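Here are the chains, one letter per residue:
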Amino acid sequence: MPRNTSNRTPGRVLLGVAAVATSTHLLAPGFTGPQGVSSRIGRTALGARRFFIGGNWKANGSPDSVKQLVEDLNAGKLEVDATKDVEVVCAPPFVYLSQVKDSLRKDYEVAAQNMWDKAPGAWTGETPAAMLNEIGVNWVILGHSERRENCGETSEVVAAKTKFAIENGLKTMPCIGEKLEERESGKTFDVLDEQMKPIAAALSGDDWDSVVLAYEPVWAIGTGKVATPDQAEEVHAYLRKWLADNVSQKVSDSVRILYGGSVNDANSEELGQKPNIDGFLVGGASLKGDSFTTIVNSAKAAMSSA
Ligand code: PEP
(Lines give C-alpha, C1' and ligand atoms only; values in the text may rest on other atoms or scores of the structure.)
Protein backbone atom coordinates (compact mmCIF):
# COMPACT_ATOMS: atom_id res chain seq x y z
CA MET A 1 0.00 0.00 0.00
CA PRO A 2 1.49 3.35 -0.93
CA ARG A 3 2.67 5.48 1.93
CA ASN A 4 0.44 8.41 2.73
CA THR A 5 1.72 10.92 5.21
CA SER A 6 -1.32 13.16 5.08
CA ASN A 7 -3.40 11.22 7.59
CA ARG A 8 -0.99 11.56 10.49
CA THR A 9 -2.10 13.26 13.67
CA PRO A 10 -0.98 16.85 13.42
CA GLY A 11 0.23 19.05 16.22
CA ARG A 12 1.65 18.13 19.56
CA VAL A 13 2.06 14.49 20.40
CA LEU A 14 2.66 12.92 23.78
CA LEU A 15 4.73 9.84 23.45
CA GLY A 16 6.10 8.12 26.53
CA VAL A 17 8.78 5.49 26.81
CA ALA A 18 7.48 2.06 25.91
CA ALA A 19 7.16 -0.23 28.90
CA VAL A 20 8.50 2.41 31.26
CA ALA A 21 4.99 3.63 32.01
CA THR A 22 5.75 7.28 31.68
CA SER A 23 4.52 9.99 29.44
CA THR A 24 6.55 12.97 28.38
CA HIS A 25 6.16 16.13 26.37
CA LEU A 26 8.68 15.33 23.74
CA LEU A 27 8.15 17.90 21.07
CA ALA A 28 10.43 20.91 21.10
CA PRO A 29 8.99 24.41 20.94
CA GLY A 30 8.30 25.30 17.35
CA PHE A 31 8.23 21.72 16.15
CA THR A 32 4.77 20.70 15.16
CA GLY A 33 5.29 17.10 14.22
CA PRO A 34 6.28 15.11 11.22
CA GLN A 35 3.86 16.56 8.71
CA GLY A 36 5.65 18.47 5.99
CA VAL A 37 8.82 16.53 6.59
CA SER A 38 9.94 14.59 3.56
CA SER A 39 8.77 11.01 3.34
CA ARG A 40 10.96 8.21 2.14
CA ILE A 41 9.55 8.43 -1.36
CA GLY A 42 12.30 7.57 -3.76
CA ARG A 43 14.22 5.45 -1.26
CA THR A 44 14.86 2.82 -3.86
CA ALA A 45 15.81 5.26 -6.57
CA LEU A 46 19.48 5.36 -7.39
CA GLY A 47 21.35 7.03 -4.56
CA ALA A 48 18.23 7.83 -2.53
CA ARG A 49 17.94 6.70 1.10
CA ARG A 50 18.58 3.04 0.48
CA PHE A 51 17.52 1.04 3.53
CA PHE A 52 20.47 0.33 5.80
CA ILE A 53 21.12 -2.32 8.42
CA GLY A 54 24.13 -2.10 10.72
CA GLY A 55 25.12 -4.85 13.09
CA ASN A 56 27.08 -3.75 16.14
CA TRP A 57 28.73 -6.82 17.63
CA LYS A 58 30.25 -4.73 20.44
CA ALA A 59 32.93 -6.58 22.47
CA ASN A 60 31.47 -10.02 21.83
CA GLY A 61 32.86 -13.11 20.17
CA SER A 62 35.60 -15.70 20.17
CA PRO A 63 37.41 -16.99 17.08
CA ASP A 64 34.97 -19.90 16.93
CA SER A 65 31.78 -17.95 17.58
CA VAL A 66 32.76 -15.29 15.07
CA LYS A 67 33.44 -17.99 12.47
CA GLN A 68 30.03 -19.52 13.20
CA LEU A 69 28.24 -16.18 13.02
CA VAL A 70 29.82 -15.40 9.66
CA GLU A 71 28.80 -18.84 8.38
CA ASP A 72 25.23 -18.23 9.55
CA LEU A 73 25.14 -14.79 7.95
CA ASN A 74 26.56 -16.17 4.72
CA ALA A 75 23.90 -18.88 4.67
CA GLY A 76 21.08 -16.40 5.38
CA LYS A 77 18.36 -16.40 2.75
CA LEU A 78 17.81 -12.85 1.60
CA GLU A 79 14.52 -11.70 0.12
CA VAL A 80 16.10 -8.40 -0.86
CA ASP A 81 19.14 -7.54 -2.94
CA ALA A 82 21.93 -6.43 -0.62
CA THR A 83 23.75 -4.80 -3.53
CA LYS A 84 20.76 -2.65 -4.45
CA ASP A 85 17.77 -2.59 -2.08
CA VAL A 86 19.53 -2.53 1.24
CA GLU A 87 23.02 -1.79 2.52
CA VAL A 88 24.28 -4.13 5.23
CA VAL A 89 27.31 -3.40 7.40
CA CYS A 90 28.57 -5.60 10.25
CA ALA A 91 30.84 -4.20 12.96
CA PRO A 92 32.89 -6.86 14.72
CA PRO A 93 35.47 -6.06 17.42
CA PHE A 94 38.81 -4.76 16.08
CA VAL A 95 40.62 -8.06 16.53
CA TYR A 96 38.17 -9.83 14.21
CA LEU A 97 37.94 -7.17 11.51
CA SER A 98 40.32 -8.90 9.10
CA GLN A 99 38.84 -12.33 9.70
CA VAL A 100 35.32 -11.06 9.09
CA LYS A 101 36.34 -8.89 6.16
CA ASP A 102 37.90 -11.92 4.46
CA SER A 103 35.13 -14.43 5.19
CA LEU A 104 31.86 -12.46 5.20
CA ARG A 105 29.61 -12.56 2.14
CA LYS A 106 30.67 -9.87 -0.30
CA ASP A 107 27.30 -8.14 -0.44
CA TYR A 108 27.78 -7.14 3.24
CA GLU A 109 30.38 -4.63 4.33
CA VAL A 110 32.39 -4.37 7.51
CA ALA A 111 32.71 -1.48 9.98
CA ALA A 112 34.94 -0.67 12.91
CA GLN A 113 33.25 0.36 16.16
CA ASN A 114 35.60 3.28 16.76
CA MET A 115 38.83 4.75 15.39
CA TRP A 116 41.63 7.12 16.28
CA ASP A 117 41.48 10.50 14.61
CA LYS A 118 45.19 10.94 14.06
CA ALA A 119 47.70 9.72 11.48
CA PRO A 120 49.46 6.43 12.31
CA GLY A 121 52.36 6.84 14.70
CA ALA A 122 53.10 6.88 18.42
CA TRP A 123 49.58 6.23 19.70
CA THR A 124 49.84 3.13 21.83
CA GLY A 125 46.68 1.08 21.79
CA GLU A 126 44.84 3.09 19.13
CA THR A 127 43.66 2.23 15.61
CA PRO A 128 43.99 5.16 13.19
CA ALA A 129 41.52 5.64 10.37
CA ALA A 130 44.23 5.00 7.78
CA MET A 131 44.77 1.47 9.06
CA LEU A 132 41.11 0.66 8.62
CA ASN A 133 41.26 1.89 5.05
CA GLU A 134 44.32 -0.20 4.34
CA ILE A 135 42.57 -3.44 5.26
CA GLY A 136 39.47 -2.55 3.25
CA VAL A 137 37.22 -1.51 6.13
CA ASN A 138 35.16 1.34 4.72
CA TRP A 139 32.83 2.13 7.62
CA VAL A 140 33.11 3.22 11.24
CA ILE A 141 30.57 3.61 14.04
CA LEU A 142 31.31 6.74 16.09
CA GLY A 143 30.07 8.12 19.39
CA HIS A 144 28.07 5.10 20.47
CA SER A 145 26.44 5.88 23.81
CA GLU A 146 28.63 3.25 25.46
CA ARG A 147 31.68 5.23 24.35
CA ARG A 148 30.15 8.56 25.31
CA GLU A 149 29.30 7.17 28.75
CA ASN A 150 32.32 4.94 29.49
CA CYS A 151 35.13 6.50 27.47
CA GLY A 152 34.34 10.17 27.94
CA GLU A 153 33.60 10.94 24.31
CA THR A 154 31.93 14.33 24.15
CA SER A 155 29.80 15.55 21.26
CA GLU A 156 32.80 17.62 20.14
CA VAL A 157 35.04 14.55 20.10
CA VAL A 158 32.43 12.61 18.14
CA ALA A 159 32.14 15.46 15.63
CA ALA A 160 35.91 15.72 15.22
CA LYS A 161 36.20 11.98 14.71
CA THR A 162 33.39 12.04 12.17
CA LYS A 163 35.13 14.76 10.17
CA PHE A 164 38.49 13.02 10.37
CA ALA A 165 37.03 9.68 9.33
CA ILE A 166 35.37 11.22 6.27
CA GLU A 167 38.53 13.11 5.31
CA ASN A 168 40.33 9.78 5.47
CA GLY A 169 37.91 8.03 3.17
CA LEU A 170 35.66 6.30 5.69
CA LYS A 171 31.89 6.30 5.79
CA THR A 172 30.51 7.01 9.23
CA MET A 173 27.67 6.12 11.56
CA PRO A 174 27.68 8.80 14.27
CA CYS A 175 25.31 7.87 17.11
CA ILE A 176 23.09 10.20 19.09
CA GLY A 177 20.31 9.68 21.60
CA GLU A 178 18.89 10.70 24.94
CA LYS A 179 18.99 8.96 28.32
CA LEU A 180 15.83 7.96 30.12
CA GLU A 181 15.95 10.81 32.62
CA GLU A 182 16.48 13.27 29.80
CA ARG A 183 13.41 11.99 27.98
CA GLU A 184 11.36 11.96 31.12
CA SER A 185 12.28 15.55 31.91
CA GLY A 186 11.32 16.69 28.42
CA LYS A 187 14.89 17.32 27.28
CA THR A 188 15.09 14.86 24.39
CA PHE A 189 15.27 17.45 21.67
CA ASP A 190 17.68 19.66 23.64
CA VAL A 191 20.02 16.68 23.99
CA LEU A 192 19.77 15.89 20.30
CA ASP A 193 20.42 19.53 19.43
CA GLU A 194 23.52 19.50 21.62
CA GLN A 195 24.76 16.31 19.97
CA MET A 196 23.97 17.42 16.42
CA LYS A 197 25.35 20.97 16.52
CA PRO A 198 29.07 20.05 16.66
CA ILE A 199 28.58 17.50 13.87
CA ALA A 200 26.84 20.07 11.68
CA ALA A 201 29.58 22.61 12.45
CA ALA A 202 32.36 20.17 11.60
CA LEU A 203 30.99 18.83 8.31
CA SER A 204 30.67 20.59 4.99
CA GLY A 205 28.15 19.82 2.25
CA ASP A 206 29.60 16.76 0.56
CA ASP A 207 30.76 15.24 3.86
CA TRP A 208 27.15 14.32 4.53
CA ASP A 209 27.27 11.78 1.68
CA SER A 210 29.47 9.75 4.05
CA VAL A 211 27.13 9.96 7.04
CA VAL A 212 24.42 7.58 8.18
CA LEU A 213 23.01 9.00 11.40
CA ALA A 214 22.04 6.52 14.13
CA TYR A 215 19.38 7.66 16.58
CA GLU A 216 19.74 5.35 19.56
CA PRO A 217 17.77 6.30 22.68
CA VAL A 218 20.01 5.13 25.50
CA TRP A 219 17.06 3.74 27.46
CA ALA A 220 16.33 1.34 24.60
CA ILE A 221 19.86 0.00 24.07
CA GLY A 222 20.27 -3.54 25.30
CA THR A 223 17.25 -3.19 27.58
CA GLY A 224 14.53 -4.89 25.54
CA LYS A 225 12.55 -1.63 25.82
CA VAL A 226 12.20 -0.77 22.16
CA ALA A 227 10.80 2.61 21.19
CA THR A 228 7.36 2.28 19.68
CA PRO A 229 7.28 2.98 15.94
CA ASP A 230 5.52 6.29 16.69
CA GLN A 231 8.09 7.30 19.31
CA ALA A 232 10.95 6.54 16.96
CA GLU A 233 9.27 8.20 13.99
CA GLU A 234 8.61 11.33 16.01
CA VAL A 235 12.29 11.79 16.74
CA HIS A 236 13.41 10.81 13.25
CA ALA A 237 11.04 13.40 11.79
CA TYR A 238 12.42 15.96 14.22
CA LEU A 239 15.98 15.13 13.14
CA ARG A 240 15.06 15.38 9.49
CA LYS A 241 13.60 18.82 10.07
CA TRP A 242 16.66 19.73 12.14
CA LEU A 243 18.86 18.85 9.18
CA ALA A 244 16.71 20.94 6.85
CA ASP A 245 16.83 23.92 9.22
CA ASN A 246 20.48 23.66 10.23
CA VAL A 247 22.27 22.02 7.32
CA SER A 248 20.31 21.96 4.07
CA GLN A 249 17.18 20.55 2.48
CA LYS A 250 19.36 18.36 0.28
CA VAL A 251 21.06 16.78 3.28
CA SER A 252 17.74 16.41 5.07
CA ASP A 253 16.31 14.58 2.08
CA SER A 254 19.28 12.31 1.54
CA VAL A 255 20.81 11.41 4.90
CA ARG A 256 19.69 8.08 6.22
CA ILE A 257 18.57 8.05 9.84
CA LEU A 258 18.75 4.68 11.57
CA TYR A 259 16.90 3.67 14.67
CA GLY A 260 18.81 1.63 17.25
CA GLY A 261 17.63 0.18 20.54
CA SER A 262 16.41 -3.38 21.07
CA VAL A 263 15.57 -3.93 17.41
CA ASN A 264 14.91 -7.61 16.75
CA ASP A 265 13.39 -9.93 14.19
CA ALA A 266 9.91 -9.42 15.66
CA ASN A 267 9.77 -5.60 15.65
CA SER A 268 11.95 -4.54 12.70
CA GLU A 269 9.28 -4.83 10.04
CA GLU A 270 6.84 -2.50 11.77
CA LEU A 271 9.51 0.03 12.72
CA GLY A 272 10.96 0.02 9.23
CA GLN A 273 7.71 1.08 7.65
CA LYS A 274 7.82 4.50 9.25
CA PRO A 275 8.72 7.05 6.59
CA ASN A 276 11.69 8.61 8.36
CA ILE A 277 13.21 5.38 9.64
CA ASP A 278 15.75 4.37 7.01
CA GLY A 279 17.05 1.27 8.72
CA PHE A 280 18.55 0.08 11.98
CA LEU A 281 21.67 -0.18 14.05
CA VAL A 282 21.27 -3.53 15.76
CA GLY A 283 23.18 -4.74 18.81
CA GLY A 284 22.15 -7.99 20.48
CA ALA A 285 20.15 -9.37 17.56
CA SER A 286 23.09 -8.89 15.21
CA LEU A 287 24.86 -11.72 17.03
CA LYS A 288 22.31 -14.25 15.79
CA GLY A 289 22.63 -14.96 12.08
CA ASP A 290 19.00 -15.91 11.49
CA SER A 291 17.59 -12.94 13.44
CA PHE A 292 19.89 -10.53 11.65
CA THR A 293 18.89 -11.96 8.28
CA THR A 294 15.21 -11.45 9.16
CA ILE A 295 15.97 -7.86 10.13
CA VAL A 296 17.75 -7.32 6.79
CA ASN A 297 14.69 -8.78 5.06
CA SER A 298 12.48 -6.17 6.76
CA ALA A 299 13.80 -3.85 4.05
CA LYS A 300 11.28 -5.54 1.76
CA ALA A 301 8.29 -4.23 3.74
CA ALA A 302 9.96 -0.86 4.12
CA MET A 303 10.41 -0.56 0.37
CA SER A 304 6.83 -1.48 -0.39
CA SER A 305 5.60 1.08 2.12
CA ALA A 306 7.70 3.87 0.57
C1 PEP B 1 23.49 -0.82 19.96
O2 PEP B 1 24.32 -1.14 20.78
O3 PEP B 1 23.80 -0.05 19.06
C4 PEP B 1 22.15 -1.37 20.09
C5 PEP B 1 21.19 -0.80 19.44
O6 PEP B 1 22.00 -2.46 20.91
P7 PEP B 1 20.69 -3.36 21.09
O8 PEP B 1 20.13 -3.63 19.72
O9 PEP B 1 21.16 -4.61 21.76
O10 PEP B 1 19.72 -2.58 21.92
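To start, this report covers the structure provided alongside it.

About the criteria used
Residues numbered from 1 in each chain as written. Predicted model: local features only at pLDDT ≥ 70, side-chain atom pairs only at ≥ 80, totals over all residues. Helix = DSSP H or I, 4+ residues; strand = E, 2+ residues; numbered from the N terminus. Buried ≥ 20, exposed ≤ 12 C-beta atoms within 10 Å, placed from the backbone. Contact = placed C-beta atoms within 7 Å. Axes fitted to C-alpha atoms, helices over the stretch in contact; angles between N-to-C directions. Parallel < 35°, antiparallel > 145°, perpendicular 65-115°, else oblique. Left-handed = near helix turned anticlockwise from the far one by under 90°. Nonpolar A, V, L, I, M, F, W, Y, C, P; charged D, E, K, R; others polar. Expected span 1.5 Å × (residues − 1). Core = buried A, V, L, I, M, F, W, Y, C linked by C-beta atoms within 7 Å. Pairing = 2+ DSSP bridges. Right-handed = clockwise from strand over helix to strand, strands pointing away. Near = placed C-beta within 6 Å.

Topic: the overall build of the protein chain
Helix and strand counts for the protein chain come out as 11 helices and eight strands. For the protein chain, the residues scored as buried account for 44% of the 306 residues in total. In the protein chain, once contacts between residues fewer than 6 apart in sequence are set aside, the share between residues at least 24 apart is 73%.

Looking at the packing of helix H7 (residues 188–202) against helix H8 (residues 229–246)
At their nearest, the axes of H7 and H8 sit 11 Å apart, and the two run at 40° to each other. Between H7 and H8, the interaxial angle falls into the category oblique. Both H7 and H8 take part in a crossing whose hand is right-handed. Within the contact between the two elements, H7 uses Thr188, Phe189, Leu192, Met196 and Ala200 and H8 uses Val235, Tyr238, Leu239, Trp242 and Asn246. Within the contact of H7 with H8, the residues separate by chemical class into eight nonpolar, two polar and no charged.

Re unusual backbone geometry
Its identity as a non-glycine residue notwithstanding, Lys58 has a phi of 50°, on the positive side. Position of Lys58 relative to the elements: it lies in the loop between strand S1 (51–56) and helix H1 (63–75). Of note, Ser262 is a non-glycine position whose phi angle comes to about 60°, a positive value.

Details of H7
Given a rise of 1.5 Å per residue, 15 residues ought to cover 21 Å, and the 22 Å separating the end C-alpha atoms of H7 matches this to within 8%. Among the residues of H7, those classed as buried are Thr188, Phe189, Leu192, Gln195, Met196 and Ile199. On its buried face, H7 is in contact with helix H5 (155–167), strand S5 (171–176), helix H6 (180–184) and H8.

As for the nonpolar core
If you look at the biggest cluster of nonpolar residues, it comprises 78 residues, and the most contacted ones within it are Ala111, Val140 and Leu258. The contact partners of Ala111, leaving out residues within four places of it in the chain, are Gly54, Val89, Cys90, Ala91, Val137, Trp139, Val140, Ile141 and Met173.

Considerations on the pairing of strand S4 (residues 139–142)
Here S4 shows a buried face lined by Trp139 and Ile141 and a second buried face lined by Val140 and Leu142. In this structure, strand S3 (residues 108–112) lies alongside S4, joined through two bridges in parallel fashion. Among the inter-strand pairings, Ala112 is bridged to a residue of S4, identified as Val140. Assessed by its sense of winding, the connection that carries the chain from S3 through helix H3 (residues 129–134) to S4 is right-handed. Relative to S5, S4 runs parallel, the two being bridged by four bridges. Residue pairing for S5: Val140 is matched across the bridge by Thr172.

What about the site of the ligand?
Looking at the ligand, there are 13 residues lining it, with Ile221, Gly222, Gly260, Gly283 and Gly284 nearest. For the shell around the ligand, the per-class residue count stands at five nonpolar, seven polar and one charged.

Comments concerning the sheet that holds strand S7 (residues 256–260)
Spatially, S1-S2-S3-S4-S5-S6-S7-S8 is the arrangement adopted by the eight strands of the closed barrel, whose pairing is parallel. Averaged over all neighbouring strand pairs, the angle between strand axes comes to 25°, with direction disregarded. Relative to S3, strand S2 (residues 86–91) runs parallel, the two being bridged by three bridges. Residue pairing for S3: Val89 is matched across the bridge by Glu109.

Digging into H8
Here H8 spans 25 Å end to end across 18 residues, near enough to the 26 Å set by a 1.5 Å rise per residue. Of all 18 residues making up H8, 13 are buried, and the element is well covered by its neighbours.

Description of the packing of H1 against helix H11 (residues 289–305)
At a minimum axis distance of 8 Å, the contact between H1 and H11 shows a crossing angle of 40°. In terms of orientation, H1 and H11 fall into the oblique class. Here H1 and H11 pass one another in a crossing that is right-handed. Of the residues in H11, those in contact with Leu69, Asp72 and Leu73 of H1 are Gly289, Asp290, Phe292 and Thr293. For the contact of H1 with H11, the class distribution of residues is three nonpolar, two polar and two charged.

A few points about the pairing of S5
Across the six residues that make up S5, a large majority, five, are buried. By the bridge criterion, two bridges tie S5 to strand S6 (residues 212–215) in an arrangement that is parallel. Residue pairing in the sheet places Cys175 in a bridge with Ala214 of S6.

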